[in-house]
Amino acid sequence: MAVLEEKQLVFECETGNYHTFCPISCVAWLYQKIEDSFFLVIGTKTCGYFLQNSMGVMIFAEPRYAMAELEEGDVSAQLNDYEELKRLCLQIKQDRNPSVIVWIGTCTTEIIKMDLEGMAPKLEMEIGIPIVVARANGLDYAFTQGEDTVLSAMAQRCPNKKIEQPKTIDSFGTHLFSKLSELELNLTGFRSKQEKKHPPLILFGSLPENIISQLSLELEHQGIDVSGWLPSKRYMDLPVITEGSYVCGVHPFLSRTATTLMRKRKCKLIGAPFPIGPDGTREWIERICQACEIQPSGLEEREAEIWQGLQDYLPLVSKKSVFFMGDNLLEISLARFLIRCGMIVQEVGIPYLDKRYQAAELDLLQRTCLQMNVPIPKIVEKPDNYNQIKRIQELEPDLVITGMAHANPLEALGINTKWSVEFTFSQIHGFTNAKDILELVTRPLRRKENFQSFGWKKMVK
Ligand code: SF4
């Protein structure tokens, strides 16, 4: 096995000829996350086919997304875009009554220069439902960056002060509200007892509710109060963002959202590695504590305890080599964690790398390589899958993390693969979920061992 002998981070950029999901796929997880939303993808049949296939069985569960399929008349400007969208949005209002409609712009709306941002405010006034516009198209972005475009648009909709609850509703509602306010008062009292010393902290990135509670609790143990999450469970509960608030991301692909929060909402970004793996989670918490001027406590023990729990998996991955073809922007954080687990990373392909937003993560990657005494992997932005396959054949990694397009062909050549999209949809954040990452990574390695016991090595000549 050939190994690259690097001591410094090396960045390369190839042709961008690689497979990834279209960013409109973000509707799949965002409509589930934001419970009162409706996503309208304004595109062509190509987009519709992609969503229908990529979402698998979810499409049978009456998802809160739809396609506004452009026709010949729309493209040649013979139909009135505004009237067409109004008709569709009124129908959505009548059928689903969402609190927000998110318009997802696609390649076609870009190319025909459909002025979605111009139409949205006017239509919003007319139908009385907020319309958020996100250009999550395949021309500019890759896969998870779709969430980035949506969150960056939503960051601009977050209120800058708490909205008063309505007072005159039916008696049951009034009673419920009075109870809720009581509860809130108690909670405020409880919180003020904790002497909240730091500025408000808002975390951004879409995560399942249980992970949100886990990460919030970890911070609470350090005496840090999370004021809100972007996105919230409901659009109506978007967090209050005031000037000078602290913000910190949980995903490596949210660089636009970070920029919007800094530039448009005047927030202070806490640069930290991402809470993926016990090492990343610990440093993420430490950086937040540092920004809030709080001395972290017990984190070393907490991290050691989690590593102890991973002992069964570590011998399976130790000294094994892994190659990331790159398609979801989680690659650097995962590579860093796997290196810490004892793996050797040969190449980290990544669709797009914002070196400023990922600075702390890159720094941790470099430190981890030095600590584990392994070569620092080459980072290849906008990779070329054709060249990568050649490199894979040369390097013969023990595991290739790749998309479905290459997984089966590589398997047939006797190269072990893990389908990369699973990392996007699995729970991989926080201390307790590190096990899930290793469960995913070791599955193909374990399977290979089973196959070899049958004497099967290659399925093609
Ligand atoms: S790449 Fe463009 S055309 Fe293809 S599915 Fe995505 S938005 Fe639609």
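For every chain, the first residue of the written sequence is number 1, and numbering continues from 1 onward in sequence order. Only residues with pLDDT of at least 70 are given local features in this predicted model, and only at 80 or more are side-chain atom pairs given and counted; all residues enter the totals for whole chains, interfaces and linings. To get the side-chain values, take all heavy atoms of the structure and skip hydrogens and water.

Undergrad: Is there a simple way to explain the environment of Cys13 in this structure?
TA: Runs of E in the DSSP output that reach at least two residues are strands. Runs of H or I that reach at least four are helices, and both are numbered from the N terminus. In this fold, Cys13 is placed in strand E1 (residues 10-13). The classification of residues rests on relative accessible area computed with a 1.4 Å probe and restricted to protein chains. Under 20% of the type maximum is buried, over 50% is exposed, and intermediate values are partly exposed. What makes Cys13 exposed here is its relative accessible area of 53%. With 336 residues separating them along the chain, Cys13 and Gly349 place their C-alpha atoms 9.4 Å apart. Two residues qualify as a contact provided that any one of their heavy atoms is within 4.5 Å of a heavy atom in the partner residue. Among residues more than four places away in sequence, those in contact with Cys13 are Glu381 and Lys382.

Undergrad: Would you take a moment to explain the pairing of strand E2 (residues 37-43) for this structure?
TA: The side chains of a regular strand alternate, first on one face of the sheet and then on the other. The buried fraction of E2 amounts to 7 of the 7 residues, a majority that puts the element mostly inside the structure. Alternating positions in E2 separate into two faces, Ser37, Phe39, Val41 and Gly43 on one and Phe38, Leu40 and Ile42 on the other, with burial throughout. Two strands are said to pair when DSSP picks up at least two bridges between them. Bridge count for E2 against strand E3 (residues 65-69) is 5 bridges, and the pairing is parallel. Residue pairing across strands places Val41 opposite Met67, the latter belonging to E3. Orient the strands so they point away from the viewer; a crossover is then right-handed if the path from the first strand over the helix to the second runs clockwise. Tracing the backbone out of E2, into helix H2 (residues 45-54) and back to the parallel element E3 gives a crossover that is right-handed.

Undergrad: I'm lost on the layout of surface pockets in this one. Help?
TA: Regions of empty space are outlined by a rolling probe, equal in size to a water molecule, passed over the atoms. Throughout, the protein atoms alone are placed on a 1 Å grid, and a set of points is a cavity if a 1.4 Å probe fits but cannot get out or a pocket if it is open with protein on both sides within 12 Å along at least five of seven lines; lining residues have an atom within 4 Å of a point. Grid points are joined across faces, edges and corners, and a volume is the space filled by probe spheres set on the points. Put simply, the second largest pocket is a space of about 690 Å³. Contributing to the lining of the second largest pocket are 31 residues, with Trp29, Pro208, Thr424, Phe425 and Ser426 lying nearest its centre. Where the lining of the second largest pocket is concerned, the elements lending two or more residues are helix H1 (26-33), helix H9 (209-221) and helix H18 (421-425). It is H18 that provides the largest number of residues to the lining of the second largest pocket, a total of 5 residues.

Undergrad: How do you make sense of the sheet that holds strand E5 (residues 131-134) when you look at a structure like this?
TA: Strand pairs in the sheet, formed through backbone hydrogen bonds, run parallel or antiparallel to each other. Strand order in the open sheet formed by 4 strands is E3-E2-E4-E5, and the pairing between neighbours is parallel. The two strands at the open ends of the sheet, each matched to only one other strand, are E3 and E5. Strand-to-strand twist of the sheet, defined as the mean angle between neighbouring strand axes without regard to direction, takes the value 25°. The sheet contact formed by strand E4 (residues 100-105) and E5 spans 4 bridges and is parallel. In the sheet register, Trp103 faces E5, and the bridge partner there is Val133. Between N-to-C directions, angles span 0 to 180 degrees; the directions come from axes that are lines fitted to C-alpha atoms, helices contributing only their stretch in contact. Sheet contacts for H2: E2 and E3; angle to E3, the most-contacted strand, approximately 160°. Helix H7 (residues 145-155) contacts E2, E4 and E5 of the sheet and is inclined by roughly 135° relative to E5.

Undergrad: For this particular structure, what's the right way to read the site of the ligand?
TA: If a single non-hydrogen atom of a residue is within 4 Å of a molecule or strand, that residue counts as near it. Taken together, the residues surrounding the ligand are Cys22, Cys47, Thr106, Cys107 and Gly138. Residues are sorted three ways: Asp, Glu, Lys and Arg are charged, Ala, Val, Leu, Ile, Met, Phe, Trp, Tyr, Cys and Pro are nonpolar, and all the rest, Gly among them, are polar. Taken together, the residues of the shell around the ligand break down into 3 nonpolar, 2 polar and no charged.

Undergrad: Explanation requested: the UniProt feature "binding site: [4Fe-4S] cluster" (unreviewed entry) in the protein in the structure shown.
TA: The positions that UniProt labels "binding site: [4Fe-4S] cluster" (unreviewed entry) are, in the present scheme, Cys22, Cys47 and Cys107. Look at the named residues: they lie 86 residues apart in sequence, but the longest C-alpha span between them is just 10.2 Å, so in the fold they bunch up. Residue placement: Cys22 occurs in the loop between E1 and H1. Residues within four places of Cys22 in sequence aside, it is in contact with Phe50, Gly138 and Phe143. By relative accessible area, Cys107 is classed as partly exposed at 26%. Beyond its immediate sequence surroundings of up to four residues, Cys107 is in contact with Asn137, Gly138 and Leu139. UniProt positions are given in the numbering used here, feature names are shortened, and annotations may be inferred rather than shown by experiment.

Undergrad: Help me understand the packing of H1 against H7 in this model?
TA: The description of two helices packed together rests on the angle between their axes and the distance between the axes. Look at H1 against H7: their axes get within 8 Å of each other, and the N-to-C directions meet at 45°. Classed by the angle they form, the pair H1 and H7 counts as oblique. Crossing geometry of H1 relative to H7 is assigned as right-handed. Facing Cys26, Trp29 and Leu30 of H1, the residues of H7 in contact are Gly146, Glu147 and Val150. By residue class, the composition of the contact of H1 with H7 is 4 nonpolar, 1 polar and 1 charged. Angle categories: roughly parallel below 35 degrees, roughly antiparallel above 145, roughly perpendicular from 65 to 115, and oblique for all the rest. The hand of a helix crossing depends on one turn: near helix anticlockwise from the far one by less than a right angle means left-handed, and clockwise means right-handed.

Undergrad: Please clarify how the pairing of strand E13 (residues 399-402) should be interpreted in this entry.
TA: Going residue by residue along E13, you find Leu399 and Ile401 tucked away on one face and Val400 and Thr402 tucked away on the opposite face as well. Pairing between strand E10 (residues 321-324) and E13: 3 bridges, direction parallel. In the strand pairing of E13, Phe323 is matched with Val400. The sheet contact formed by E13 and strand E14 (residues 417-419) spans 3 bridges and is parallel. Along E14, the bridge assignment pairs Ile401 with Lys418.

Undergrad: Looking at this structure, I do not really get the nonpolar core. What am I missing?
TA: In a soluble, globular protein the nonpolar side chains are often hidden away together inside. The definition of a nonpolar core used throughout is a set of buried Ala, Val, Leu, Ile, Met, Phe, Trp, Tyr and Cys residues joined through side-chain atoms within 4.5 Å. Formed by 105 residues in total, the largest nonpolar core has its most connected members in Ile104, Trp284 and Ile288. With near-sequence residues (within four places) excluded, Ile288 lies in contact with Leu201, Leu203, Leu219, Ile224, Cys248 and Ile270. In this structure, Phe38, Ile101, Ile131 and Val133 belong to the second largest nonpolar core, which totals 20 residues.

Undergrad: What should I look at first to understand the pattern of salt bridges in this one?
TA: Any two side chains of opposite charge can pair, given that their charged atoms come close. The term salt bridge refers to a side-chain nitrogen of Lys or Arg lying within 4 Å of a carboxyl oxygen of Asp or Glu. As enumerated under the stated definition, the model contains 24 salt bridges in all. In this structure, Glu69 and Lys45 form a salt bridge, with 3.1 Å as the shortest nitrogen-oxygen distance. Taken together, the residues span a long stretch of sequence, with Glu69 in strand E3 and Lys45 in helix H2 at a distance of 24 residues. Owing to a relative accessible area of 47%, Lys45 belongs among the partly exposed residues under this scheme. Of the charged contacts, one joins Glu117 and Arg135 as a salt bridge, the two residues approaching to 3.0 Å between their closest N and O atoms.

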